[in-house]
Amino acid sequence: MDAHQIRNSYLAYLKDRGHVIIPRAKLVPQGDRSTLFTGSGMQALLPYLLGEEHPAGVRLADSQPCVRAQDIDDVGDNRHTTFFEMLGNWSLGDYFKEEQIRQFFGFLVDVVGLDPNKLYVTAYIGDESRGIPRDEEAAHIWQTVFHERGIEAEIVAMGSQADGDARGVNPGERIFYYDGGENWWSRGGSLEGTPIGDPCGPDSEVFYDFGPEHHDPSFGKAHPASDSGQFMEIGNEVFMQYHRLEDGSFEELTRRNVDFGGGLERIAAAAIDSPDVFRISLMWPIVAKLQDLTGRSYEDETVAMRIIADHLRGATFLAVDGVRPSNKEQGYVMRRLLRRAIRQALALGLSENFFGEIVPVIADLYQDDYPEVAEHRDEVIAVLVKEETSFRRTLEAGLEMVAEYAGTTMTGRDVFRLSDTNGFPKELTLEEAGRLGIAVDPEWESEFEAALEEQRARSRGATTLGAAGLPGGASA
C-alpha cells in the first residue's frame, strides 16, 4: 500500500466509524500569531479540545499537511522532514482509550497490512507526587489487543529515555512505561509546564521495529524512545483526561478528549519495511528525477537529494497556500528552504535552474488529493523558478567569498558583510564555513547583531535628514 492509498484508506476507515472528514487547515495559521506555521493536526482544533463545540460534531478526522521549520537542520537523515502530513482523528467527549487503541491498531494491521509483531507501544509511567497514576488502563488495553493477535506482550516500566538507553529491550517485552518527557501531553510541553486550567494527559505512542540491523549503538541500547534508528514512531494517541487547577494540582476531566496524530510518511515507510522515508511513493519520484537530472545516484548523494526533495515539497505547499519568498516571517523560512535546496543542487552539479523540472513532479504527486495544488500549479512553478533565477547569481559569488576565509576565523562582522553587501544569507554562510572547515567566532551572533543595529541607526539618520528637506529628502 503506497502513501496515497494509505491516506485515502485512513479517511475512509474513519468515516466508516462515524467520523466527519474535515478540510485541512492552511499552512499559515489563520488568526493565530503565536506560531508561523501549522505544525500539527490538532493546532487548528485546539479551541474545540479546550471546550468549544465543533459544528461538524464530536468525531472528526483529516489529513493535515504540516511544516516544522525547527527540524530544518535535521533534514538529511532517513526520517526527518520539515514538511509532512499528519493523519488525525479526534473524539470530543465521545469515545476514549479502548476505542481509539483498537481503531488505530486495526487500521495499521488490517488495512495497511503491518505485521503486529513489529509494533511496540508506550504509555505514561505516572507521577505519584502529583497524584497522577500510571496509565495501566492504556497498557492493559494494548496487552489485550496484542493477545487477540496471538502475541503475548509483556509490560515493562522503562522510565526516562536515558534509562532506556542503558537498559534496552528484552525478548517478550512490547509495552513500555516512560516518564513525562516521553508520554505526557500539554500545551506547555511538560507536566510542570502545563498551563493552569488547560486539559492535558498521558499519551500512548506506537513504534515500528525495522530490525536490529538498523540500530546505531552510539545511542546506547535499542528501545522505542531511542533515536538509534531501529524503532520509528508512527503514531501518538493523546488522552486528555486531566486539567490543571489553580494550586498546580491535577483533576480528572468530566469531558475527556482523544487527539490522535499519525505520520503519513512514516506509516508509508513501515508499509514498505524501509526506515528511509525518502523511498516512499510521495518522495521517491522527486529523488528519481534528481538522479535523472544529475546522472548521480541516491546512494552516493543521499543527504543532498534528501534535502532538496524535502525543502522543495515544503516550499511548493507553502506557495500553494499563498506564501511568497521574502525576508520576513513565513516568507523568510520559505526563502531559506529554497536557498538551501539550490545550494545542495550546486553540489550535485546542477549549475542551471532546475526548479522547473522538479516542482511539476511534486505537483503531480498531490494534485489529485489536494485540488488546490492543481489550481495554483502554474503560478507556484513561476514563483519558485523566479526565486531560483534571482538567487543563483548571489549564491555563486557568496560561496567564493566564504572560501576566501580559509585559514582564518570569521567574525560576526564578516558574516554581516556577506549578508549586507552581497545578499548572502547568514545561515548559508555558517553552513558553508562548516563544510569548508572554516572557524567561526563563537561570539559571532552578538557582533552580527551589533553591526545590524549600526546599519539601522544609519538608516534612521538618513531618513531624518531626508524628512528635513536636506539631500535625499522628498523636498530636496
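Residues numbered from 1 in each chain as written. Predicted model: local features only at pLDDT ≥ 70, side-chain atom pairs only at ≥ 80, totals over all residues. Heavy atoms only, no water.

A word on the overall build of the chain. Summing up its helical and strand segments, the chain has 16 helices and 12 strands in all. Rg of the C-alpha trace for the chain: 25 Å, near the compact-globule value of 23 Å for 476 residues, within the 12% margin. When its C-alpha atoms are laid out on the principal axes, the chain stretches across 80 × 55 × 50 Å. Relative to its 476 residues, the chain shows a buried fraction of 52%. On the chain, the mean spot of the 46 positive side-chain charges and the mean spot of the 80 negative ones are 5 Å from each other. (Helix = DSSP H or I, 4+ residues; strand = E, 2+ residues; numbered from the N terminus. Rg over C-alpha atoms; globule rule 2.2 N^0.38 Å. Buried < 20%, exposed > 50% of the residue type's maximum accessible area, 1.4 Å probe, protein only. Lys, Arg positive; Asp, Glu negative; His and termini not counted. Charge placed at Lys NZ, Arg CZ, Asp CG, Glu CD.)

Along the chain, Glu173 falls in strand E6 (residues 173-178). Reaching out from Glu173, the side chain makes a polar contact with the side chain of Arg167 at a distance of 2.7 Å. Within the structure, the side chain of Glu173 is placed 2.8 Å from the backbone nitrogen of Asn170, a separation counted as a polar contact. Setting aside residues up to four positions removed in sequence, Glu173 forms contacts with Tyr120, Glu154, Val156, Arg167 and Gly168. (Polar contact = N/O pair within 3.5 Å; in protein donor to acceptor, adjacent residues only side chain to side chain. Contact = heavy atoms within 4.5 Å.)

Judged by side-chain charge, Glu352, Glu396, Glu400 and Glu404 come together as a negatively charged surface patch. Within the secondary structure layout, Glu404 lies in the loop between helix H13 (377-403) and strand E11 (409-410). (Patch = residues over 30% accessible without salt bridge, like charges linked within 9 Å, V, L, I, M, F, W, Y side chains within 5 Å. Areas by Shrake-Rupley, 256 points an atom, 1.4 Å probe, with all protein chains shown as cover. Salt bridge = Lys/Arg side-chain N within 4 Å of Asp/Glu carboxyl O.)

Next up on the list: the packing of aromatic side chains. By the definition in use, this model includes 22 aromatic pairs. Taking the centre distance of 6.0 Å and the plane angle of 75° together, the rings of Phe105 and Trp142 count as edge-to-face. Taken together, the positions of Phe105 in helix H3 (residues 97-112) and Trp142 in helix H4 (residues 136-147) put the pair 37 residues apart, joining distant regions of the chain. With a relative accessible area of 3%, Phe105 lands in the buried category. Residues Tyr366 and Tyr370 carry aromatic rings whose centres are separated by 6.4 Å and whose planes lie at 40° to one another, so their mutual orientation is tilted. Tyr370 carries the same exposure label as Tyr366, and that label is buried. The cationic tip of Arg17 hangs over the ring face of Tyr13; the distance from NZ or CZ to the ring centre is 3.6 Å. The ring of Tyr177 carries the charged tip of Arg134 above its face, separated from the ring centre by 4.9 Å. (Phe/Tyr/Trp six-rings, centres within 6.5 Å; stacked < 30°, edge-to-face > 60°. Lys NZ or Arg CZ within 6 Å of the ring centre and 35° of its normal.)

Turning next to the layout of surface pockets. Taken as a whole, the second largest pocket encloses approximately 400 Å³ of empty space. For the lining of the second largest pocket, the secondary-structure elements that each account for two or more residues are helix H10 (329-347), helix H14 (412-422), helix H15 (426-436) and helix H16 (444-467). When residues of the lining of the second largest pocket are assigned to their parent elements, the largest contribution, five residues, is made by H10. Residues of the lining of the second largest pocket, tallied by class, amount to seven nonpolar, four polar and eight charged. (1 Å grid on protein atoms, 1.4 Å probe; cavity = no way out; pocket = protein on both sides within 12 Å on 5 of 7 lines; lining within 4 Å. Points joined across faces, edges and corners; volume = space filled by probe spheres on them. Nonpolar A, V, L, I, M, F, W, Y, C, P; charged D, E, K, R; others polar.)

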